[in-house]
Amino acid sequence: MKTASIVAAAGFVTCALCYKPLVSSKKLQNLVTLEDLLAGSQDLQDIADANGGNRAFGGGGHNATVDYLVKTLEELDYYDVSTQQFVELFSAATVDFTAAGTEYSAGYMTYSPSGQASGSLIQVNNLGCIVADFPAAVSGNIAFISRGECTFAQKALAAKSAGALAAIVYNNVPGTLSGTLGGVGDYPPTVGVSKEIGDTLLAAIAAGTVAATLDVNAIQENRTTWNVIAETKGGDHSNVLALGGHTDSVFAGPGINDDGSGTIGILTIAKALTKFKVKNAVRFLFWSAEEFGKLGSFHYLRTLNGTISGNASEVAKIRAYLNFDMIASPNYVLGIYDGDGSAFNFSGPPGSGTIEKDFELFYESKGFPHVPALFTMRSDYAAFLENGIPSGGLFTGAEVLKTEEEAELFGGEAGVALDENYHQPGDTVDNLNHEAFLLNTQSIANSVAKYALSFEGIPAVNSTLRKRHAHVQRHFGHLSARGDYGHSHVHHGPCGESAVVA
Ligand SMILES: [Zn+2]
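Counting starts from 1 at the beginning of each chain's written sequence and moves along it residue by residue. Per-residue local features are limited, in this predicted model, to residues with pLDDT of at least 70; the limit for side-chain atom pairs, both in listing and counting, is 80 or more; totals at the level of whole chains, interfaces and linings are taken over all residues. Hydrogens and water molecules were not included; the side-chain quantities draw on all heavy atoms of the structure.

**Section: the nonpolar core**
Phase 1: The nonpolar core is taken to be a set of buried Ala, Val, Leu, Ile, Met, Phe, Trp, Tyr and Cys residues, with the residues joined through side-chain atoms within 4.5 Å. Categorising residues by exposure relies on relative accessible area from a 1.4 Å probe, with only protein chains included: less than 20% of the type maximum marks a residue as buried, more than 50% marks it as exposed, and the intermediate range marks it as partly exposed. Counting 62 residues, the largest nonpolar core has Leu 28, Leu 273 and Phe 284 as its most contacted members.
Phase 2: Strands here are runs of E lasting at least two residues and helices are runs of H or I lasting at least four, both read from the DSSP assignment and numbered beginning at the N terminus. Ranked by residues supplied to this core, first place goes to helix H12 (residues 434-453) with nine residues.

This is the structure in structure tokens:
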């Protein structure tokens, strides 16, 4: 038998044998402090700093993040903690791009091969989706192609067929551009640049020949990685509240808002919850390889729905899923996923509207505004939506610019990205918004306390999921064609949506 209590590293007292009250929203919220949130974020920053500045999956920074989570959760002595191992292809690169004597920032297109190219920058006609769009001068030079209409892979293949040494895609909307070619193929070195750089270089090309060099230094290797899963020992394990965030960063930076904030937010809730009893089991899910196409969450759902092994009944035990991917953006909005579809005409499975409404009520009760966030399928909730599980969550914004209306509601700067450090080296512990981080983590506490007691208003999962998947594909085929994304991540999920399409 254990003694009554031990003091864990983070200062939370676990108390295996003594009396614990049932969880309540107020009490759980009261245990969330900014100091703990920032201390946890600093831990992730330290891990990144000690591992080459990133926490990309399969690398030292991510593996250390996984170890940190497992150790922290096990010490709480309140959860059954496990890891789920899987192997995925890792692809990343450093990119150097110079044109007309100036160095420009360029984003890697995942799966682009390494290579060096030097030649003239040649503007491609139309959108570069077919070889006929490429002028003869492209041969032996570098193709400069507008984003739009077709996939980056199509543009890259057409450039290669036209004899280009490399392909550079410039954005057709404000902001930087990176993405994925969707898999290994016979591509030339391919990168993306912002619309601003695109405009500058198009003007230079119009004025005369522009000499350019591109150097892509890519890594492609199979990497072993792990999801981390922690479920309360107590509570009804057939009626589970799941919540998750992703533990990996992009290769370019430490990922402290994306998604250190979600990781530390839910870890803080996991610590606080140990003071209480729950009626429904609560499962914390820390996803690996989100930045490479939500690989960890889709792998996990395939193990629950019988695709890999076992049977689909495991899916139905998850009564709700809450996703937290970027909850402390420096120029934030308080975004709540549009579960009922009232804002974007794209709803989650039945019950998702209740989850949205509960988040809304939290902010309203504290006198804060909120805005709906579209389920773009560009974070880990996608795997849950596809499996018919009621879902929701919070999102404070990525590369999208803040509107005037949003600046009036939330303060901050209109015309500036909600997180200007998104997928950049500047996504550090110093650039988190403290007010949003604390408030959103309290909001998580509120929802966790509620659903740990009851799923009233959230119907059980039924198995209409295959139809749902088809619906999702149609919906996002449509959005892709318009290039119309509210959210942020570079993904090539099983739906084929996202930044594979220009
Ligand atoms: Zn993210």
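**Observations regarding unusual backbone geometry**
Phase 1: Here the bond from Asp 258 into Asp 259 is cis, since omega is 0 degrees, no more than 30 degrees from zero.
Phase 2: Even without a glycine there, the phi angle at Tyr 111 is positive, about 85 degrees.
Phase 3: Within the secondary structure, Tyr 111 is located in the loop between strand E5 (107-110) and strand E6 (115-123).
Phase 4: Residue Tyr 111 is classed as buried on the basis of its relative accessible area of 8%.
Phase 5: With a phi close to 70 degrees, Glu 149 is a non-glycine residue in the positive phi region.
Phase 6: Along the chain, Glu 149 turns up in the loop between strand E7 (142-146) and helix H4 (152-161).

**Thoughts on the environment of Ala 407**
Phase 1: Looking at the element boundaries, Ala 407 is found in helix H11 (residues 404-410).
Phase 2: For Ala 407 and Asn 331, which are 76 residues apart along the polypeptide, the C-alpha to C-alpha distance reads 8.9 Å.

**Remarks on the pattern of salt bridges**
Phase 1: Salt bridge, as used here, is a side-chain nitrogen of Lys or Arg placed within 4 Å of a carboxyl oxygen of Asp or Glu. One pass over the full model with this rule turns up nine salt bridges.
Phase 2: For Lys 71, the salt bridge identified is with Glu 75, shortest N-O distance 3.1 Å. Taken as a pair, Lys 71 and Glu 75 lie in helix H3 (residues 60-75) at a separation of four residues, close to a single helical turn.
Phase 3: For Lys 195, the salt bridge goes to Asp 199, with nearest N and O atoms at 3.1 Å. Taken together, the residues Lys 195 and Asp 199, both in helix H5 (residues 195-207) and four residues apart, mark about one turn of the helix.
Phase 4: Take Lys 195: its relative accessible area is 27%, and that puts it in the partly exposed class.

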